[in-house]
Amino acid sequence: MSLIGVDLGGTKCAAALYDDGVLGEPLTVATDTSSSGALVDQLVDTIGRLRGPHVEAIGVGIPSVVEFATGMARSGVNVPLEGVPLRTLLRERLKAPVYVDNDATCAALAEAHEDGRLVSLNLVMITVGTGVGGGIVLGGNVYRGATGAAGELGHTLIGANLSEGAPPAGDFPQRGSLEQLAAGRELDRLAQQTAHEHPDSALGRRAAEGTDVLGRDAVDAAHAGDEAAIRALRILGERLGIGIANAINTFDPEVVAIAGGAAAAGELLLAPARETARAYVVHGVGEQTEIRLARHADHAGLLGAALMAGQELAKTVSDSRGGAR
């Protein structure tokens, strides 16, 4: 089966041909965020440059909450697609089957596959980047919920103050949510706090030189053995571990995969996350769950978008044959 996968982000748009289980070299362009119309035009052009006569379907992953049936972005950041019926527009323009889904959901589907084969029937992916996203695969299929928008794991609450009942709801990410407490922005804050509290640390010396201190600096310093930086990653990892425990207690998956920029910390982040998750999982749940880093890295969104298109096309064909009978 020949498919095209598209991974749309706020800064770049990548597309690749997926043919007989092999993902081709990605075609990457800077995302045109000037308007929704310009972005749709760019997607049509980018897909058209890869599309051959044997392409059967196209999958597009976008950084938005998606109403899957229509492919409309219900909310999102970084791309001007909110309220745009992207699936309908692309189908009309490309005259081909098109499917649109959340980018982290696509990445989760990719992570459930190895060498083109489904190897994890039940998997939860948590992406830790600027924000925290997620995707869920149950029974080998993407789980989308009632409206197609399931998988917003970054907005599970892991540290809300409920001593006086529910606090007033605020803007997203809500206080106490996994995204508020464990995203890349929070690692930036922890790195800056560490630099202030430990002026003799690697981060403290960097700050003293007048250089911005960011989360990636904490990762580099921790890999070099700086104890203060290692502590910052431990704090973030333990918070992530609470979110992982929630996912395991809810879904009892075979795999929880961690992806995103923060995954560059490797075991410095994953070890405290894994230890904390195990401590907070109900006895008897998650006994077969592997907590690991994602394997497909930068190409997960592309691969997952193509696989998603293939799955959905197969369902459509099966449903139409069933109807014919």
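Caption draft 1: Just the overall build of the protein, in detail. When you go through the protein residue by residue, the secondary structure sums to ten helices and 15 strands. With respect to the three principal axes, the spread of C-alpha positions in the protein is 70 × 50 × 40 Å. The buried share among the 325 residues of the protein stands at 49%. The contacts in the protein between residues at least 6 apart in sequence include a share of 62% that link residues at least 24 apart. Surface exposure of the protein reaches about 15,200 Å², of which carbon and sulfur atoms provide 50%. Computing the positive centroid from 26 side-chain charges and the negative centroid from 40, the protein places the two 4 Å apart.

Caption draft 2: Looking closely at the packing of aromatic side chains. In this structure the tally under the stated criterion is zero aromatic pairs. Over the ring of Tyr 99 we find Arg 91, and its NZ or CZ is 5.4 Å from the ring centre. Residue placement shows Arg 144 over the ring face of Phe 68; its charged tip is 3.6 Å from the ring centre.

Caption draft 3: Up close: the pattern of salt bridges. According to the stated counting rule, one finds 13 salt bridges in the structure shown. Linking Asp 217 and Arg 206 is a salt bridge whose minimum nitrogen-to-oxygen distance equals 3.3 Å. Here Arg 206 lies in helix α6 (residues 202–208) and Asp 217 lies in helix α7 (residues 215–223), a separation of eleven residues in the sequence. The buried category is assigned to Asp 217, whose relative accessible area is 10%. The salt bridge partner of Arg 274 is Glu 267, with a shortest N-O separation of 3.1 Å. When its relative accessible area of 45% is taken as the criterion, Glu 267 is described as partly exposed. Each of Asp 101, Arg 144, Glu 312 and Lys 315 takes part in salt bridges that share partners, so that together they form one network.

Caption draft 4: Seen up close, the pairing of strand β4 (residues 27–30). Of the two faces of β4, the one lined by Leu 27 and Val 29 is fully buried and the one lined by Thr 28 and Ala 30 carries no buried residue. Sheet analysis places strand β2 (residues 12–19) next to β4, joined by four bridges and oriented antiparallel. Looking at the pairing, Ala 15 lines up with Leu 27 of β4.

Caption draft 5: Representation of the side chain of Thr 194 within the structure. Residue placement: Thr 194 occurs in helix α5 (residues 184–197). Accessibility expressed as a relative area gives 5% for Thr 194, which makes it buried. Not counting residues within four places of it along the chain, the set of residues in contact with Thr 194 comprises Ser 201, Leu 203, Ala 228, Ala 229 and Ala 232.

Caption draft 6: Up close: helix α2 (residues 86–94). Residues of α2 that are buried include every one of Leu 86, Arg 87, Leu 90 and Leu 94, and no others. The buried residues of α2 all sit within an arc of 95° when viewed along its axis, so they share a single face. Positive backbone phi, at 55°, marks Lys 95, one or two positions downstream of α2.

Caption draft 7: Representation of the side chain of Asp 217 in the model. At a separation of 3.3 Å, a polar atom in the side chain of Asp 217 contacts the side chain of Arg 206. The contact partners of Asp 217, leaving out residues within four places of it in the chain, are Leu 203, Arg 206 and Asp 212.

Caption draft 8: Seen up close, the sheet that holds strand β13 (residues 141–142). Taking strand neighbours across the sheet as the criterion, the five strands line up as β13-β12-β11-β14-β15 in an open arrangement whose pairing is mixed. Here the strands that pair on one side only, and so sit at the sheet edges, are β13 and β15 (290–293). Along the sheet face, helix α3 (residues 103–111) touches β11 (123–128), β12 (132–138), β13, β14 (255–259) and β15 and points at about 50° away from the line of β12. Sheet strands in contact with helix α9 (residues 267–280) are β14 and β15, and its direction is about 160° off that of β15.

Caption draft 9: Looking closely at the environment of Asp 32. Among the secondary structure elements, Asp 32 is positioned in the loop between β4 and α1 (36–50). You can call Asp 32 partly exposed: its relative accessible area is 28%. Put simply, Asp 32 and Lys 12 are 20 residues apart on the chain and 8.4 Å apart in space, counted from C-alpha to C-alpha. Dropping the residues within four chain positions of it, Asp 32 is found in contact with Ala 38, Leu 39 and Gln 42. A polar contact is formed between the side chain of Asp 32 and the side chain of Ser 34, at a distance of 2.6 Å.

Caption draft 10: Summary view of the nonpolar core. By size, the foremost hydrophobic cluster in this structure holds 42 residues, and its most contacted members are Ile 126, Leu 203, Leu 240, Ile 244, Val 256 and Ile 258. Elements with a minimum of two residues in this core: β11, β12, α4 (178–182), α5, α7, α8 (227–251), β14 and α9. The biggest single contributor to this core is α8, with eleven residues. The contacts of Ile 244, once residues within four sequence positions are left out, are Ile 126, Val 256, Ile 258, Ala 273, Ala 277 and Ile 291.

Caption draft 11: Examining the confidence of the model for the protein more closely. For the protein, per-residue confidence averages 91 on the pLDDT scale, and 97% of positions sit at 70 or higher. Taken element by element, the protein is modelled with least confidence in strand β7 (residues 72–76), mean pLDDT 80, and with most confidence in α8, mean pLDDT 97.

What counts as what
Residues numbered from 1 in each chain as written. Predicted model: local features only at pLDDT ≥ 70, side-chain atom pairs only at ≥ 80, totals over all residues. Heavy atoms only, no water. Helix = DSSP H or I, 4+ residues; strand = E, 2+ residues; numbered from the N terminus. Buried < 20%, exposed > 50% of the residue type's maximum accessible area, 1.4 Å probe, protein only. Contact = heavy atoms within 4.5 Å. Areas by Shrake-Rupley, 256 points an atom, 1.4 Å probe, with all protein chains shown as cover. Lys, Arg positive; Asp, Glu negative; His and termini not counted. Charge placed at Lys NZ, Arg CZ, Asp CG, Glu CD. Phe/Tyr/Trp six-rings, centres within 6.5 Å; stacked < 30°, edge-to-face > 60°. Lys NZ or Arg CZ within 6 Å of the ring centre and 35° of its normal. Salt bridge = Lys/Arg side-chain N within 4 Å of Asp/Glu carboxyl O. Pairing = 2+ DSSP bridges. Arc of directions from axis to C-beta. Polar contact = N/O pair within 3.5 Å; in protein donor to acceptor, adjacent residues only side chain to side chain. Axes fitted to C-alpha atoms, helices over the stretch in contact; angles between N-to-C directions. Core = buried A, V, L, I, M, F, W, Y, C linked by side-chain atoms within 4.5 Å. pLDDT = per-residue confidence, 0-100.

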